[in-house]
Structure formats: structure tokens, C-alpha cells
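Residue-level listing of the chains:
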Amino acid sequence: MLFFIFLYSKGIVFMNKSNGYRIGVDVGGTFTDVILIQNNTGNVSVTKILNRDDKRADAVIEGIDRLLLLKGIEADQINWIGHGTTISTNAVIERKGAKTALITNKNFRDILEIGRFSRPPELIYRTHVNKPSPLVPRYLRLGVSCRINRDGKVSSSVDDGELQNAISLIKAENVESVAVCFLFSFLNPIHENQVRIELKNVLPHLEIVLSSEINREFREYPRTSTTVFAAYVAPVLRRYISGLRDKLRNNGVNCPLYIFQSNGGVAEPDIVMRNPALTLLSGPAGAVIGATQICGQAGYKNLITMDIGGTSLDVCLVQNSKADLSTSREIDKFPISTPMLDVHTVGAGGGSIIRTDEVGRIKVGPESMGAHPGPACYGFGGDQPTLTDVNLLMGLLDPSSFANGEVQLDEKRSEEVIREKISKPLGIDLYSAIVGIYRVVTNQIAEEIRTITMEQGRDPRDYALVAFGGGGPLHAAGVARELGIGKVIIPKYPGLFSARGIATADFSHDYVRSIVQPLEEIKEKNIASIFSEMITHANLDLEKEGIESNRRDISCSLDMRYIGQTTEVNVPLGKYDEDWKAKFDQAPSQFHKIHEQLYTYSVPNEPIELVNIRVFSIGLLEKPSTRSIESTSSIASSKNSRLVLLPGEKTQIQVPVFKRENLKIGSKLFGPAIVEESSSSTLLLDEMEIIIDAYENIIINLAPSGISL
């Protein structure tokens, strides 16, 4: 019998593999998804709860209670909860975060306004449109005289009078959270630490976020922006986690709660609260982790993930079972510098609003109707057409079983809003409008996938397309045909796939330290000392989370560039061990090689600059049991059918409808067809074939025009 060991109050709780359950939670924009997995069998149970405004924790509890009742188990049999949420992201987008102040160097308080002296690309020619306002208003951006120089030495101390004036204003304005970011504090945090001590002496309950603790990386603007993001969402996230923990305990659930992060791993809540910005882009990452694990078991290592949820479309590239990573993204036009899965997001979800622009083009998103009032077909007062309304009128959705029956869909209302908002303005009939919208969405998704493949020198035909989310399987076949992709994978429970990924994610942490020195001037022993310090920190965090030493995977890397460049290339070194010196000596040649792969050239005689030192740690968890089931090949048949308006057609035709739970391993069926399940529906087009593989995935094989498989 195998056991997991976790530190709970200090950490430690015992997870009995043979009789315990784990839960994954994904709080999305429209639904809260909850998944229950039995550890020893891998059996899965799922549920969806329609979100209620400002009561997201109640939706989580409702979902857990529903699954406990369904399975007839007690709350004390749950021994692990992984939780992903859009709480932080929504707080930023909706401007519902904490009242936040910024303390920085005197005369540098306008860095959030100045940014990079440029406008976002989409606003360059729209001079009448203002950039989004910073999260901190100017009167709460406070300058204090002090300076650390480029060598990390103190050139002028903190002006105590100016600091006390700033603290007085913060107190008078009832500020909830303070971001502190000084120049070169990534080299020496002494002044930021001093400010925190002074703030805590006067305002002990204040949330304080230091840039030197969340992002010890150079570049003033992204570091300041990231620190402000973290401070802005910190009180919101802390209240949510605290309230959820209380509700879980009141319902008899006393197991550890772990928070899913943007880098694709979970962490203990106290560690996450050191940098709340880690949760800002965590939602889409859960499904990518799930796809990597589930599809990897079935033998698929190179993937394009396509997640269509209630509010957005998210795509990501996975190569050799590893998702692309990024260290810089934007939210609401402001940069955020934290390691994260490189998920590209656009507003093309089920609730995305469809409209016509001034020249008669159909536009999808980015605005969304959310959960309330939601799409017109929800019947909650929505008066704008959405992608869900289109899919319903095409016949792709069963109005009585949408989202496992959570919402009864109103076809008449969908027809009314599409006629009024799309058909009449364009002077076309209803069917033409519906098919046109579907084609626009297909092209929009395909274009986003081209961004992460063709624009990066990769061929999408070399990958399998993995589709999930409530809407992903409805559009996957059309997108694959558009791009020439020959294989589509629809995992089981696609509408709750983020929750499934979160339920099985490992612990992970990232650490960075900027150096910014020519490589030839750096002493190896100094680098070794920094690596040793960062690895010690990583081990302490994993120890706090109860990860035994033999289940820790800690790797190192260097960000390097040619002197004079403004972007870096990450050079992996692997584990920090007795071969470290040899790995460090080989780093320059590795840099030249990677640079040539990325940019088609390298300059071996050009001097190299070391910019950042990075450490990435993983606490490996044993995954729930999985099984492959013996195949019994057969041609599936169905007695059910309904009228469907297929893409590219002008009239409806009868299309067979299959229930996914009735399809056995090895079952085959041919398009056109629809496969329904509780959380989604899969559309199969003509000349396409489905087979159910040994891991219960739907595998769609297709031969798009001109493509030979």
C-alpha cells in the first residue's frame, strides 16, 4: 500500500492512495467545474455549477457536496484539493481589486503611465482611445528619496521624512495594499525591507508586496507593473482563500487546499500569497497540464491545445510533452513578469458577443455576456447574440442537456437576437448568418493557432489538435480541416478539463535573480553561491509542502544574450550537481546553438552577457491510477438523430447523434455525426472518422483537402 505524505499544519497530512479521493476545482468566468478522482482506480466524477456573482466559494462548496452525495462518500475521505481560479484576473479586468498605493523612488512615480514610451499596437492609429488607466491612481503613487546604484550599493538612504509623509497619506486614504518597488532593488532589497518595517509599525494589517520578493529581475517598468498587480489582488485573493477554507472546514472537509499557478503547478496558499500575481493567468494553464498528462499516456507528445470556455479561447503549444513557457505577458495592456505557460488568449468563448461593425463585418468578441445574464438562450435576460446561441441554432447542442442540465436553453430567444442583431443589419437570412458566424469563428481560432506555430517557424500539421472546454470539441474538426491537421483528440470530460489538470498537477516554483554582466567578467564561484542560495530556498518551500527529497526535481538555467541585445535566450543547465562547472562552461556554445535555432543566425565571436539566473523546482506527486482498456473494434450505430446545419451548408440535414458513454473502446463511427456527453458535444464532419482509443479518448482522423495522411 502506497502513501503520500504532506505537511498540513506544518505541513503534514497523510494521503492514503488506496482509499482516498482528490478534487480539482476550476472557477471560471461562467461555470465552476469540480472533478472528483479516486486515487487507486482513477475513476472520475464531475459536476458543473453556474456561477453566482460574488459567491464563487459557495459554488465550490455546492459542487463538492454534490459529488460527495453522488458517490456516497464522506468529506473526510477527501485528502487533496487543487484549486484554480479567475478571481485574480477578474479583479484586474473588472477593476474590483483592493485600494492600492505604490511607493517608489522620488520622481519615478509615473512609470506606470510612461511605460515603454509607446502605445499598444492595436491603439497606434486610434489616437482618440486612451490606454487603460493604471491600477494605482496618481495621487497614491508616492515618491521617496533613496537610491541603490547599478552595483547594488547604497548611494543615498531613505528620506525618513518623506517616507513618514507617504505613510500618513496611506493611512488617511484607508489604503488596503501597498506595492513597493525601488530602482535596483533586485540587487539589494535593503530599502524595500526598511519601508515594509515602517509601514507595519503604523499599519500592521496592511498588505505589503515588495518587488524584491516577487520578481528579482531587472527592467523597471515590468517589475513595477508586476508588483502592482500582486498588491492589487492580494487582499481579494487572501479573503477568498480564507473564506473558502472556513467553508470547507464547516462542511467537514479538512484536507489541504492547494492553489494552482500560471506556471502549471500548485502551491501551498501561504507560498502563493508571497506573490499573488502567480494566479493571474492560472485558469487556462490547468487544461494544458491535463492535456499533456492524458495525451502523453496515449502516446501523443506534440500537441496544440485548444480550449473554448465561456469567455475565451486559449491555445498553447506542447512539444515533447512540455508546454511552451513565457516570462512576460500582458493583462489589460500592462506587463506581468512571472514564469507561466505560454497560453494565448482571445475573446472567442461561448459567451462572446457577436456583432457587426461599421462596414458590415461579423465580429466575435472580445466582450462576453459572462454567466449573468449570459447568452440569450440562457433565458436570464441576455439581449446579445453569442457563440452558444449560434451553436444551438445549428443543432450542435441539445437544449435540454446543456452543461449536464444546469441550464435549459431557449432556441426561440437565440433566433430572435440573431435575426435582430445580425440578419437584418446585413440583409441576409438566418441560416446564412449562422453559417457565416461559424466560419468567422473557425478562421479566428485557426489564425490564433497560426500565431503559435507558423509565426514561430513550426508546422501545425506536425501536431495533434487537442480540443476541450465546453466549446472546443464543437469547433475542432473545422479548425483542423482549415489548418491541415490530420488528428484531433477529444479527452473524456472535455468541458471540465482544466479541473482535471489541476487535480493531478505537481507542485512547482520559480526563482529568478538578475545579474546583467558580461559573461567573461563573472566569477564562477559567485554564480555557484547564488544558485546554492536559490536552491536552498526551493528546498525549503518544497519541505513546507511536504515533498520528500526523492520526489524533488530542481533544475537551473541562464538567460543570456549578445551584448547590446534587448531580448534574452534561456539556456538550460539541468540539475545543479557535481557536473555543474562543466555545464556552465558549455553554456556559451549552447547559447549560440539555441540562438541559431530561434533566429536562424548566431555570432560565436560576439561577447555574451549573462542576464538572469533561474531555478525551477517541481514536487512530483504520484498520479491517480490510469488504465488502458482492451480494444474491441466495432462500428458504432445510433438510433437517434436531429436536424443539423453543418458548416458550409445552406439547409439542415439529419445527423446521427451518439452518446459518448455508449461508445466502447475501439468503437468507430463516420461523419457527419455528433457525439454528446454531459459537458460538451463533438462535431464530426464528412470524410472524417472517430475511433475510441484505449484511454477513452475520442480520436478524429481526417484527411483535409490536399493533405495526405
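This one's a predicted model, so the numbers in the text were calculated from it and none came from an experiment.

Trainee: Is there a simple way to think about the overall build of the chain in this case?
Mentor: A count of helical and extended segments in the chain gives 16 helices and 38 strands. Here the C-alpha atoms of the chain give a radius of gyration of 26 Å, agreeing with the 27 Å that 2.2 N^0.38 yields for 709 residues. Its C-alpha atoms put the chain at 80 × 65 × 60 Å along the principal axes. Here the chain holds 709 residues, and the buried ones make up 56% of them. For the chain, contacts bridging at least 24 residues in sequence account for 67% of all contacts bridging at least 6. When the accessible surface of the chain is totalled, it reaches about 29,700 Å², and 48% of it is carbon and sulfur. Between the averaged position of the 76 positive side-chain charges in the chain and that of its 84 negative side-chain charges there is a distance of 1 Å.

Trainee: I keep staring at the pairing of strand β3 (residues 21–27) and nothing clicks. Help me out?
Mentor: Sheet faces and side chains relate simply in a regular strand, where the side chains alternate between the two faces. Counting buried residues in β3 gives 7 out of 7 residues, a clear majority hidden from the surface. Alternating positions in β3 separate into two faces, Y21, I23, V25 and V27 on one and R22, G24 and D26 on the other, with burial throughout. As judged from the 7 bridges shared by β3 and strand β4 (residues 31–38), these two strands associate in the antiparallel manner. Each bridged residue has a counterpart across the sheet, and for R22 the counterpart in β4 is I37. Pairing analysis gives 7 bridges linking β3 to strand β6 (residues 78–85), with the strands arranged parallel. Note on β6: the bridge partner recorded for V27 is T85.

Trainee: Teacher, can you tell me more about the pattern of salt bridges here?
Mentor: Between side chains of opposite charge, a pair can form when the charged atoms approach closely. Throughout the structure, instances matching the rule amount to 37 salt bridges. In this structure, the salt-bridge partner of R66 is E62, at a minimum N-O distance of 3.3 Å. In this pair, R66 and E62 are both assigned in helix α1 (residues 56–71), 4 residues apart and thus about one turn of the helix distant. The partly exposed category is assigned to R66, whose relative accessible area is 31%. Of the charged contacts in the structure, one is a salt bridge between R239 and E176, with a shortest N-O distance of 3.4 Å. With R239 in helix α7 (residues 220–250) and E176 in the loop between α4 (160–172) and β11 (177–181), this pair connects stretches of sequence that are 63 residues apart. Taken together, the salt bridges that share partners define one network made up of D110, E113, R138 and R141.

Trainee: Looking at this structure, I do not really get the sheet that holds strand β7 (residues 100–105). What am I missing?
Mentor: One open sheet accounts for 4 strands, arranged β8-β7-β11-β12; its pairing is parallel. A single partner strand is all that each edge strand has here, and the edge strands are β8 (141–144) and β12 (207–210). Across the sheet, the mean angle separating the axes of adjacent strands is 20° when strand polarity is ignored. Pairing analysis gives 4 bridges linking β7 to β8, with the strands arranged parallel. When the sheet's bridge partners are listed, T104 is paired in β8 with G143. Most of the contacts of helix α5 (residues 190–202) go to β12, to which it runs at about 175°, and overall it touches β7, β11 and β12.

Trainee: Please clarify how the side chain of T338 should be interpreted in this entry.
Mentor: Within the secondary structure, T338 is located in the loop between β20 (334–336) and β21 (340–341). Accessibility expressed as a relative area gives 2% for T338, which makes it buried.

Trainee: How do you make sense of the environment of V359 when you look at a structure like this?
Mentor: Relative to the helices and strands, V359 is located in the loop between β23 (352–356) and β24 (362–368). Accessibility expressed as a relative area gives 59% for V359, which makes it exposed.

Trainee: I'm lost on the nonpolar core in this one. Help?
Mentor: Of all hydrophobic cores here, the largest spans 76 residues; its most connected members are I64, I81, I103, I170, V178 and L199. Counting residues per element, this core draws most heavily on α7, at 14 residues. Setting aside residues up to four positions removed in sequence, L199 forms contacts with I103, I167, I170, V178, P204, L206 and I208. Core analysis: the second largest hydrophobic core is formed by 72 residues, L313, I418, L685 and I698 among them.

Trainee: Sorry if this is basic, but what is going on with the packing of α1 against α7 here?
Mentor: Any two packed helices are characterised by how steeply their axes cross, that is the angle between the axes, and by the distance between the axes. Between α1 and α7, the least distance of the axes is 9 Å, while the angle of their chain directions is 30°. With respect to the hand of their crossing, α1 and α7 are arranged in right-handed fashion. The segment α1 lies against α7, with R56, A57, D58, V60, I61 and I64 engaging Y240, L244, K247 and L248. By residue class, the composition of the contact of α1 with α7 is 7 nonpolar, no polar and 3 charged.

The rules behind the values
Residues numbered from 1 in each chain as written. Predicted model: local features only at pLDDT ≥ 70, side-chain atom pairs only at ≥ 80, totals over all residues. Heavy atoms only, no water. Helix = DSSP H or I, 4+ residues; strand = E, 2+ residues; numbered from the N terminus. Rg over C-alpha atoms; globule rule 2.2 N^0.38 Å. Buried < 20%, exposed > 50% of the residue type's maximum accessible area, 1.4 Å probe, protein only. Contact = heavy atoms within 4.5 Å. Areas by Shrake-Rupley, 256 points an atom, 1.4 Å probe, with all protein chains shown as cover. Lys, Arg positive; Asp, Glu negative; His and termini not counted. Charge placed at Lys NZ, Arg CZ, Asp CG, Glu CD. Pairing = 2+ DSSP bridges. Salt bridge = Lys/Arg side-chain N within 4 Å of Asp/Glu carboxyl O. Axes fitted to C-alpha atoms, helices over the stretch in contact; angles between N-to-C directions. Core = buried A, V, L, I, M, F, W, Y, C linked by side-chain atoms within 4.5 Å. Left-handed = near helix turned anticlockwise from the far one by under 90°. Nonpolar A, V, L, I, M, F, W, Y, C, P; charged D, E, K, R; others polar.

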